[in-house]
Amino acid sequence: MALVTTTEMFKKAYDGGYAIGAFNVNNMEIVQAITEACREEKAPVILQVSKGARAYANHTYLVKLVEAAVIECPEIPICLHLDHGDSFETCKSCIDGGFTSVMIDASSKPFAENIAITKQVVEYAHDHGVVVEAELGALAGVEDEVNVSAENSHYTRPEEVEEFVSKTGCDSLAIAIGTSHGAYKFKPGTKPQLRFDILEEVIKRLPGFPIVLHGSSSVPQEYVEMVNTYGGAMPGAIGVPEDQLRHAAELAVCKINIDSDLRLAMTGTIRKFFAEHPDKFDPREYLKPARANIKELVRHKLVDVLGCAGKA
Ligand code: G3H
Ligand code: 13P
Ligand code: ZN
């Protein structure tokens, strides 16, 4: 199967009460780990590439790695998506360069400006058979290319969503209901709680329309402990409870973005390996267990959180 857009995936996910996993890819081992888990679990998947990933690994290398996964996993639908496109030019470059889906993230701009940039991307993308994710609201959190302070974050305002979607023509909408980017999502001692009331209000106003959640890593404490045990320092790293993501997937949320969890699995595993094998220096020896642990983590997400296993 060639690379696909998310149109069919989202329709089935919406009707079936599950979500597609959108996992960030930066190198070969991560692509392999995700797609092998998806192939074995017969799950459709979105492989997404950030601006930082393109700067790190190079656009062509990433596209070719994903094309290799398409060849190796012909049974499952795979979408190649630009994560957090920051301008028309970045989106255009990915549309021209083989992506089947792009996100234009103009959520930090005023409402009218967000509409204008998103509309421009949608027109170009749709002319080229590519779908567009847009965002309303601002998630807190820090990662390489995405950085919003807690003071500048705000929930999506449901009263804006109909006008935004009808004026832009976007194909899916990322909303802010309490998730955030990175490994430090909630203050230790507080009870993590997504704002399902906002999600419900959005669903009422946009029936049948696919909703996206960013910042949806659950920060497995097993890997936080592994990092901390083997020389790291990540105190108070807390993620979104998996049962809340499962509930969101049963509603209109069709795409759930997970990146930090995979980074944690990789880093924890490699730290442990080095601590236990101080004499080893062959990258294949430490990347192999890291890849295996990412694969098992992705399998867990597909089966227990997203509900998309067996849906390919
Ligand atoms: O939300 C952002 C993704 O986790 C990608 O992060 O910009 O560090 O590649 P990055
Ligand atoms: P996490 O940092 O929670 O993994 O979120 C990733 C994300 O939203 C990518 O766009
Ligand atoms: Zn994101």
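Residues numbered from 1 in each chain as written. Chains lettered and ligands numbered in written order. Predicted model: local features only at pLDDT ≥ 70, side-chain atom pairs only at ≥ 80, totals over all residues. Heavy atoms only, no water.

As for the site of ligand 2
Part 1: Close to ligand 2 lie 17 residues, the nearest being Asp-83, Lys-185, Ser-217, Asp-259 and Ser-260.
Part 2: Within the backbone of Gly-182, one N or O atom sits 2.9 Å away from an oxygen atom of ligand 2.
Part 3: Take His-214: an N or O atom from its side chain is 3.1 Å from an oxygen atom of ligand 2.
Part 4: The fraction of the free accessible surface of ligand 2 (310 Å²) that becomes covered by protein chains is 99%.
Part 5: Of all elements in the fold, only β3 (78-85), β9 (180-181) and β11 (253-258) reach the threshold of two or more residues within the shell around ligand 2.
Part 6: When grouped by side-chain class, the residues that make up the shell around ligand 2 number one nonpolar, 12 polar and four charged. (Near = heavy atom within 4 Å. Polar contact = N/O pair within 3.5 Å; in protein donor to acceptor, adjacent residues only side chain to side chain. Areas by Shrake-Rupley, 256 points an atom, 1.4 Å probe, with all protein chains shown as cover. Helix = DSSP H or I, 4+ residues; strand = E, 2+ residues; numbered from the N terminus. Nonpolar A, V, L, I, M, F, W, Y, C, P; charged D, E, K, R; others polar.)

Describing the coordination of the zinc ion (ligand 3)
Part 1: Looking at the zinc ion (ligand 3), the protein donor atoms are His-84 (NE2), His-181 (NE2) and His-214 (ND1), and they sit 2.0 to 2.1 Å from it.
Part 2: When the donors of the zinc ion (ligand 3) are listed by position in the chain, the intervening gaps give H-x96-H-x32-H. Taken together, the residues span a long stretch of sequence, with His-84 in strand β3 and His-181 in strand β9 at a distance of 97 residues.
Part 3: Judged by its relative accessible area of 11%, His-84 is buried. (Donors = N, O, S within 2.8 Å, 3.2 Å for Na, K, Ca; no water. Buried < 20%, exposed > 50% of the residue type's maximum accessible area, 1.4 Å probe, protein only.)

Some remarks on unusual backbone geometry
Part 1: Non-glycine residue Lys-42 carries a positive phi angle of around 50 degrees.
Part 2: Tracing the chain through its elements places Lys-42 in the loop between α2 (28-41) and β2 (45-50).
Part 3: Under the relative-accessibility criterion, Lys-42 is labelled exposed at 51%.
Part 4: We note that Val-219 has phi near 50 degrees; this positive angle belongs to a residue other than glycine.
Part 5: Structurally, Val-219 can be placed in the loop between β10 (211-213) and α9 (221-229).

Points about the nonpolar core
Part 1: Counting 102 residues, the largest nonpolar core has Ile-34 and Leu-173 as its most contacted members.
Part 2: Counting residues per element, this core draws most heavily on helix α12 (residues 283-306), at nine residues.
Part 3: Those residues in contact with Ile-34 that lie beyond four places of it in its chain are Phe-23, Asn-24, Val-25, Val-45, Leu-47, Leu-262 and Val-298. (Core = buried A, V, L, I, M, F, W, Y, C linked by side-chain atoms within 4.5 Å. Contact = heavy atoms within 4.5 Å.)

Looking at the pairing of strand β5 (residues 131-136)
Part 1: Burial of β5 is extensive: six of the six residues sit out of reach of the surface.
Part 2: The alternating pattern of β5 places Val-131, Glu-133 and Glu-135 and Val-132, Ala-134 and Leu-136 on opposite faces, both of which are buried.
Part 3: As paired elements, strand β4 (residues 101-104) and β5 share four bridges and run parallel to each other. For Ser-101, the partnering residue across the bridge sits in β5 and is Val-131.
Part 4: Note that the unit made of β4, helix α6 (residues 111-127) and β5 has a crossover that is right-handed.
Part 5: Two elements, β5 and strand β8 (residues 172-175), share four bridges in a ladder whose sense is parallel. Opposite Ala-134, over in β8, you have Leu-173 as the bridge partner. (Pairing = 2+ DSSP bridges. Right-handed = clockwise from strand over helix to strand, strands pointing away.)

Everything listed here is a matter of geometry and, on its own, says nothing about what the molecule does.
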